[in-house]
Amino acid sequence: MQEAFLHFLWKFQYFDTTALHTADGRPVQVIRPGHHNTDAGPDFAQARLVVGGVEWAGSVEMHLRSSDWAQHRHQHDPAYENVVLHVVWEHNHLVRHPDGTEIPVVSLQPHADLSLLHQYKALLANLNPVPCAAQFGQVRDIHKRQALDNALMGRLQQKAREIGELYERNQRNWEETAYQVLARSFGFKINAEPMLALAQSLPLKILQKHADSLVQTEALLLGQAGLLPADDTDSHAAALRREYRFLRHKYNLPEPLSAAQWKFLRLRPANFPTLRLAQLAALLHRRQRLFSSLLAVQNPADMARFADVPPSEYWQNHYHFGKTSAHSGRLGAESQHNLLINSMVPLLAAYAEIAGEQFRTEQAVALLEALPAEDNKIVRMWTDEVGLTVKTAFDAQAAIGLYNHGCSLRQCLSCPVGVALLRPAAKPEL
């Protein structure tokens, strides 16, 4: 039994309300259960109740046992002074306000439908990654859509908060923040963290001073990444080593990253960090007004034009230093889509929040709706094992968000699908 189940019962009034009464026998009528508070403070705010014929307005606090009030030290917290009802599963202790007045307490256990508790426990005990996988097809599409929409917006907000933290650390500089977000995206998950660490150790303002020279831009990125060969493998490696030694001394750059921080094993050559850094160098060389260029992206075709920049001739014949292999060196369509999903869309969401330009959120959502769904383990689980239709990047990002922040944490009571499945048979569907 979890406290979240009590919140669920109270929020939707899924219990017998006809004979509700306090522990000392006073009848209780719920006019308004209140707004569920997921932050600090009482669990439900702005409730309206009639207790023993007297109407009260205030907060409702919930615990499995009434003695938990003292264990959580609510009696010392001013935020709980306006609690007008204490709702518990088991009443085992009187609770009072600091002035000595007793707080009315209601035990829900005698009034609850225990079959709901059994269903809830069955969901939690289910070993399937998506607890409701076997029942998912029984739920109306409106509930599925609501769950996915909520998950998508929650995922966008989370990414926006992360970028907002970067923005603050960068002294509210959008160009520097966009550069770091883009660099992290060029790591394509496997090398995302070293890419971000590299960008944070090599400020954009230094790269911009040498953006007219592709050789110097490559030298700074690959040198600070710790990926330049220790010896003069070939003439290009030798030129980059010379440039990096000079530029590192000139700008007093910190110790470069270790080559051991980068992952090559089991990666396709097109994803080798050496090539990705060469592609990023070419992009920074060609698109020197980075953030404004990104804000101008309206659709996948715009992103293709933004990102379709060939690396230097050397990297059109190499994936790694000293090993020739002819290829175009350009970012493919799938990689461009990944950059849109993992850098452009979160940047738009963060900018909408910080700059107050809410239409940017709509722009971010429109980009996701215009992109095909990515193929990964979580998306395949939803399509193959649950039967969810995933067509666009919007669908895929929503499914990933729902799994990461809902299903994997067993947050069924916060999910419209879980709520629909746990609805008592006697209650009309919302």
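Going by the structure above, here's the rest.
Residues numbered from 1 in each chain as written. Predicted model: local features only at pLDDT ≥ 70, side-chain atom pairs only at ≥ 80, totals over all residues. Heavy atoms only, no water.

1. What to know about the overall build of the protein chain
Assigned secondary structure in the protein chain consists of 17 helices and eight strands. For 430 residues, the compact-globule estimate of 2.2 N^0.38 gives 22 Å, and the protein chain exceeds it by more than 25% at 28 Å. Dimensions along the principal axes, computed over C-alpha positions, put the protein chain at roughly 90 × 50 × 40 Å. The proportion of buried residues among the 430 residues of the protein chain is 51%. Excluding contacts between residues fewer than 6 apart, the proportion of contacts in the protein chain whose partners are at least 24 apart in sequence is 60%. Surface exposure of the protein chain reaches about 20,700 Å², of which carbon and sulfur atoms provide 50%. Placing the 42 positive and 43 negative side-chain charges of the protein chain at their respective mean positions leaves the two points 5 Å apart. (Helix = DSSP H or I, 4+ residues; strand = E, 2+ residues; numbered from the N terminus. Rg over C-alpha atoms; globule rule 2.2 N^0.38 Å. Buried < 20%, exposed > 50% of the residue type's maximum accessible area, 1.4 Å probe, protein only. Contact = heavy atoms within 4.5 Å. Areas by Shrake-Rupley, 256 points an atom, 1.4 Å probe, with all protein chains shown as cover. Lys, Arg positive; Asp, Glu negative; His and termini not counted. Charge placed at Lys NZ, Arg CZ, Asp CG, Glu CD.)

2. Remarks on the packing of aromatic side chains
Counted by the stated rule, this structure contains 17 aromatic pairs. Relative to Tyr14, the ring of Phe12 lies with its centre 5.5 Å away and its plane at 25 degrees, an arrangement referred to as stacked. Ring geometry for Trp315 versus Phe321: centroids 5.1 Å apart, planes at 75 degrees, classification edge-to-face. In this pair, the class of Trp315 matches that of Phe321, namely buried. (Phe/Tyr/Trp six-rings, centres within 6.5 Å; stacked < 30°, edge-to-face > 60°.)

3. Brief notes about the layout of surface pockets
Considering only enclosed or pocket space, the largest pocket measures out at about 1,400 Å³ in volume. What lines the largest pocket is a set of 45 residues, and nearest its centre among them are Phe188, Lys189, Ile190, Asn338 and Asn342. Breaking the lining of the largest pocket down by element, the ones donating at least two residues are helix H4 (141–169), helix H5 (174–186), helix H6 (192–201), helix H10 (273–286), helix H13 (333–355), helix H15 (377–386) and helix H16 (393–407). It is H13 that contributes the most residues to the lining of the largest pocket, six residues altogether. (1 Å grid on protein atoms, 1.4 Å probe; cavity = no way out; pocket = protein on both sides within 12 Å on 5 of 7 lines; lining within 4 Å. Points joined across faces, edges and corners; volume = space filled by probe spheres on them.)

4. A word on empty space enclosed by the protein
Tallied over the entire structure, the rule returns five cavities of 30 Å³ or more. The calculated volume of the largest cavity comes to roughly 90 Å³. Lining the largest cavity are 13 residues, with Cys132, Cys407, Gln411, Cys412 and Cys415 sitting closest to its centre. Residue composition of the lining of the largest cavity, by class: nine nonpolar, three polar and one charged. Taken as a whole, the second largest cavity holds about 60 Å³ of empty space. What lines the second largest cavity is simply Leu204, Leu207, Gln208, Ala211, Thr217, Leu284, His285, Arg287, Gln288 and Leu290. The element contributing the most residues to the lining of the second largest cavity is helix H7 (residues 204–209), with three residues. Partitioned by chemical class, the residues of the lining of the second largest cavity number five nonpolar, four polar and one charged. (Nonpolar A, V, L, I, M, F, W, Y, C, P; charged D, E, K, R; others polar.)

5. What to know about unusual backbone geometry
At Arg172, a residue that is not glycine, the phi angle is positive and equals roughly 55 degrees. Take Arg172: it is sitting in the loop between H4 and H5. For Lys189, which is not glycine, the phi torsion reads 70 degrees and is therefore positive. With respect to the helices and strands, the residue Lys189 is situated in the loop between H5 and H6.

6. A few points about helix H9 (residues 235–251)
The end-to-end C-alpha separation of H9 is 24 Å, in line with the 24 Å expected for 17 residues at 1.5 Å each. His236, Ala237, Ala238, Ala239, Leu240, Arg241, Tyr244, Leu247 and Tyr251 are the residues of H9 that are buried. Against the buried residues of H9 lie H7 and helix H8 (214–224). N-capping of H9 is provided by Asp234, with a side-chain oxygen placed 3.3 Å from the backbone N of His236. Phi turns positive one or two residues past the end of H9, at Asn252, with a value near 50 degrees. (Expected span 1.5 Å × (residues − 1). Polar contact = N/O pair within 3.5 Å; in protein donor to acceptor, adjacent residues only side chain to side chain.)

7. A word on the pattern of salt bridges
Per the counting criterion, the structure on display carries 12 salt bridges. The partner of Arg248 in a salt bridge is Glu255, and the shortest N-O contact between them spans 3.3 Å. A salt bridge links Arg330 to Asp308; the shortest N-O distance between them is 2.8 Å. Taken together, the residues span a long stretch of sequence, with Arg330 in the loop between strand E8 (323–324) and H13 and Asp308 in the loop between helix H12 (300–307) and strand E7 (318–320) at a distance of 22 residues. Judged by its relative accessible area of 36%, Asp308 is partly exposed. Taken together, the shared-partner salt bridges in this structure form one network comprising Arg145, Asp149 and Asp395. (Salt bridge = Lys/Arg side-chain N within 4 Å of Asp/Glu carboxyl O.)

8. Some words on the side chain of His86
Assignment of secondary structure puts His86 in strand E5 (residues 83–90). Residue classification places His86 among the buried residues on the basis of a relative accessible area of 1%. A distance of 2.8 Å separates a polar atom in the side chain of His86 from a polar atom in the side chain of His63. Residues within four places of His86 in sequence aside, it is in contact with Glu61, His63, Ser66, Trp69, Val95, Ile103, Pro104, Val105 and Val106.

9. Overview of the nonpolar core
If you look at the biggest cluster of nonpolar residues, it comprises 134 residues, and the most contacted ones within it are Leu9, Leu221 and Trp382. No other element matches H13, which puts 10 residues into this core. Trp69, Tyr80, Val83 and Val95 belong to the second-largest nonpolar core, a separate cluster that totals five residues. (Core = buried A, V, L, I, M, F, W, Y, C linked by side-chain atoms within 4.5 Å.)

10. Side note on the environment of Leu339
Mapped onto the elements, Leu339 comes out in helix H13. Residue contacts for Leu339: discarding those within four places in its chain leaves Leu182, Ser185, Phe186, Phe188, Met303, Leu331 and Met344.

11. Points about H4
Residues spaced three or four apart along an α-helix point in a common direction, a consequence of the helix completing one turn every 3.6 residues. With 29 residues, H4 ought to run about 42 Å at 1.5 Å a step, and its terminal C-alpha atoms sit 42 Å apart, in line with that. Positive phi shows up at Gln171, right after H4, with a value of about 55 degrees.

It is worth stressing that arrangement in space is one thing and function is another; only the former is reported here.
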